[in-house]
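Survey of secondary and tertiary structure
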Amino acid sequence: MSKVTVIGAGNVGATCANVLVTEQIADEVVLLDIKEGVSEGKAMDIMQTASILGLSTRLKGVTNDYAATEGSDVVVITSGIPRKPGMTREELIGVNAGIVKSVADNVLKHSPNAVIICVSNPMDTMTYLLHKEMGLPKNRIIGMGGALDSARFKYFLSQALGCNATEVEGIVIGGHGDTTMIPLKRFAAYRGLPVSTLLPAEVLDKVAADTMVGGATLTKLLGTSAWYAPGAAAAQVAAAVIHDQKRLISCSALLEGEYGEADLCIGVPCILGKNGIEKIVEFDLNDEEKAAFAASAAAVHKTNAALNA
């Protein structure tokens, strides 16, 4: 019996739970929130689709009852305040750091063997905070950001190519921020063909630029952070762990020398399986990509320093 807990029943958490249930990724899902009735109501609404969609996964909503999360294989942390228009992810650090610390303590009491997936923003820094707070092996804490950024990259690539997004390969590394993420244009492909041979350089540059501000664009349009793709990306990462998929997904991982960085959580290609991050894959970056990654890492280090401010 596989079990996933989602902490935070806001838009992202509820969407993650919905995908976990409708894709039947786990046998049991628990949705927890601090606000009375929200997780219960959303869980009931989702479960009322079970007979329509032919679902067998069970979803339970609870208010601040961490005992219900006991024995989870994966815990997805989405807690925290969302971005508003004009707000950077980094501006959330003070409030969300306190929330994430509290969640981490409660999760550990009831699911000491779980793999943790961090969604809360600023995501790289919150993932780093979880490493410091929880003291778990580094493979068991995963930041979701790269999975979402890569999905956005593939969306914009598919729009430019006029094809289905599932036929495109694209990966984003670096920090999960509007100025720190690095869409790897050189590695993007359509059915095995380098996208650089199919699109003019200026179009590919625009695809990368649109990817980088993908979150801010949606926040401006919606008046709050996006939720469908972030929730689905978190569920995708959970699925890779629950089903031991050995799948390559870009995630925020704790580096210990990889890509020339250490004591830092940042987006890199990872093989995900039942043990969490089972391998960090080091792409052969060129000088321009290495410089961009170093600059991104420096920016994330600077944000991390605010944890002790």
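In this report, we go over the structure that sits alongside the text. All figures in this text were calculated on a predicted structure; none of them were measured in a lab.

Observations concerning the pairing of strand E5 (residues 115-118)
The alternating pattern of E5 places Val115 and Ile117 and Ile116 and Cys118 on opposite faces, both of which are buried. As defined by bridge partners, E5 adjoins strand E6 (residues 141-143) across three bridges and the pair is classed as parallel. When the bridges of E6 are listed, isoleucine 116 appears paired with isoleucine 141. What joins E5 to E6 is helix H5 (residues 123-134), and the crossover it makes is right-handed.

Observations concerning the environment of glycine 41
Following the sequence through the fold, glycine 41 ends up in helix H2 (residues 38-47). Judged by its relative accessible area of 36%, glycine 41 falls in the partly exposed class. It is 9.8 Å that separates the C-alpha atoms of glycine 41 and alanine 9, two residues lying 32 residues apart in sequence.

Details of the packing of aromatic side chains
Within the structure shown, the criterion is met by four aromatic pairs. Centre to centre, the rings of tyrosine 155 and phenylalanine 156 are 5.0 Å apart; their planes meet at 70 degrees, and the pair counts as edge-to-face. Exposure remark for tyrosine 155: the relative accessible area of 43% places this residue in the partly exposed category. The class for phenylalanine 156 is partly exposed, based on a relative accessible area of 22%. Ring centres of tyrosine 259 and phenylalanine 293 lie 5.3 Å apart, and the angle between their planes is 35 degrees; on these two criteria the pair is classed as tilted. One end of the pair, tyrosine 259, is in the loop between strand E12 (247-256) and strand E13 (262-273); the other, phenylalanine 293, is in helix H10 (residues 287-305), and 34 residues separate them in sequence.

Focus on the packing of H5 against H10
Their axes nearest at 9 Å, the elements H5 and H10 cross at an angle of 60 degrees. For the element pair H5 / H10, the angle class is oblique. In this structure, the crossing between H5 and H10 has a hand that is right-handed. Residues Asp124, Thr125 and Tyr128 of H5 lie in contact with H10, whose contacting residues are Val300, Thr303 and Asn304. For the contact of H5 with H10, the per-class residue count stands at two nonpolar, three polar and one charged.

Here we look at the state of the cysteines
Disulfide: a covalent bond connecting the sulfur atoms of a pair of cysteines. The full count for this structure, using the stated rule, is zero disulfides. Here cysteine 265 stays unpaired: no disulfide links it, and the sulfur of cysteine 118, its closest cysteine neighbor, is 8.9 Å away. Cysteine 265 sits in the buried class, given a relative accessible area of 0%.

Overview of H2
Listed in full, the buried residues belonging to H2 are Ser39, Ala43 and Ile46. Angular distribution of buried residues about the axis of H2 spans 65 degrees; they occupy a single face of the element. Turned more than 90 degrees away from the buried face of H2, the exposed residues are Met44 and Asp45.

A closer look at unusual backbone geometry
The amide bond that connects asparagine 121 to the next residue, proline 122, takes the cis arrangement and shows omega of -5 degrees. Inspection of the secondary structure assignment puts proline 122 in the loop between E5 and H5. At tyrosine 259, a residue that is not glycine, the phi angle is positive and equals roughly 55 degrees. The phi dihedral of aspartate 263 is positive, around 55 degrees, even though this residue is not glycine. When you line up the elements, aspartate 263 lands in strand E13.

Quick notes on H5
The end-to-end C-alpha separation of H5 is 16 Å, in line with the 16 Å expected for twelve residues at 1.5 Å each. Counting buried positions over the twelve residues of H5 gives ten, a clear majority of the element. Along H5, the positions that sit buried rather than exposed are Met123, Asp124, Thr125, Met126, Thr127, Tyr128, Leu129, Leu130, His131 and Met134. Glycine 135, located one to two residues past H5, shows a positive phi value of around 65 degrees.

Considering the sheet that holds strand E11 (residues 193-194)
If you trace the three strands from one edge of the open sheet to the other, you get E7-E10-E11, paired in antiparallel fashion. Unpaired on one side and paired on the other, strand E7 (168-169) and E11 mark the two borders of the sheet. Both strand E10 (residues 189-190) and E11 contribute to a ladder of two bridges, which runs antiparallel. Bridging from a neighbouring strand, alanine 189 pairs with proline 194 of E11.

What counts and how
- Within each chain, residue numbers correspond to sequence positions counted from 1 in written order.
- For this predicted model, a pLDDT threshold of at least 70 governs which residues receive local features, and a threshold of 80 or more governs which side-chain atom pairs are given and counted, while totals over whole chains, interfaces and linings are taken from all residues.
- Hydrogens are left out, water is left out, and the side-chain values use all remaining heavy atoms of the structure.
- Relative accessibility thresholds used throughout: buried, under 20% of the residue-type maximum; exposed, over 50%; partly exposed, between the two (1.4 Å probe, protein chains only).
- Counting from the N terminus, the helices are the DSSP runs of H or I reaching at least four residues and the strands are the DSSP runs of E reaching at least two.
- Strands pair, by our definition, only if DSSP identifies at least two bridges between them.
- Here is how to tell: hold the view so the strands point away, follow the path from the first strand over the helix to the second, and if it runs clockwise the crossover is right-handed.
- Working definition: rings of Phe, Tyr and Trp (its six-membered ring) pair if their centres are within 6.5 Å, and the pair is stacked with planes under 30 degrees apart, edge-to-face with planes over 60 apart, and tilted otherwise.
- The axes used here are C-alpha line fits, helices contributing only the stretch in contact, and every angle between their N-to-C directions lies in the interval 0 to 180 degrees.
- An angle below 35 degrees is read as roughly parallel, one above 145 as roughly antiparallel, one from 65 to 115 as roughly perpendicular, and any other as oblique.
- By definition, turning the near helix anticlockwise from the far helix through less than a right angle yields a left-handed crossing, and turning it clockwise yields a right-handed one.
- Two residues form a contact once any of their heavy atoms are found within 4.5 Å.
- Residues are sorted three ways: Asp, Glu, Lys and Arg are charged, Ala, Val, Leu, Ile, Met, Phe, Trp, Tyr, Cys and Pro are nonpolar, and all the rest, Gly among them, are polar.
- The disulfide criterion used throughout: a pair of cysteine sulfur atoms within 2.5 Å.
- Here, the arc refers to the directions that run from the helix axis to the C-beta atoms.
- To estimate the expected span of a helix, count its residues, drop one, and scale the result by 1.5 Å.

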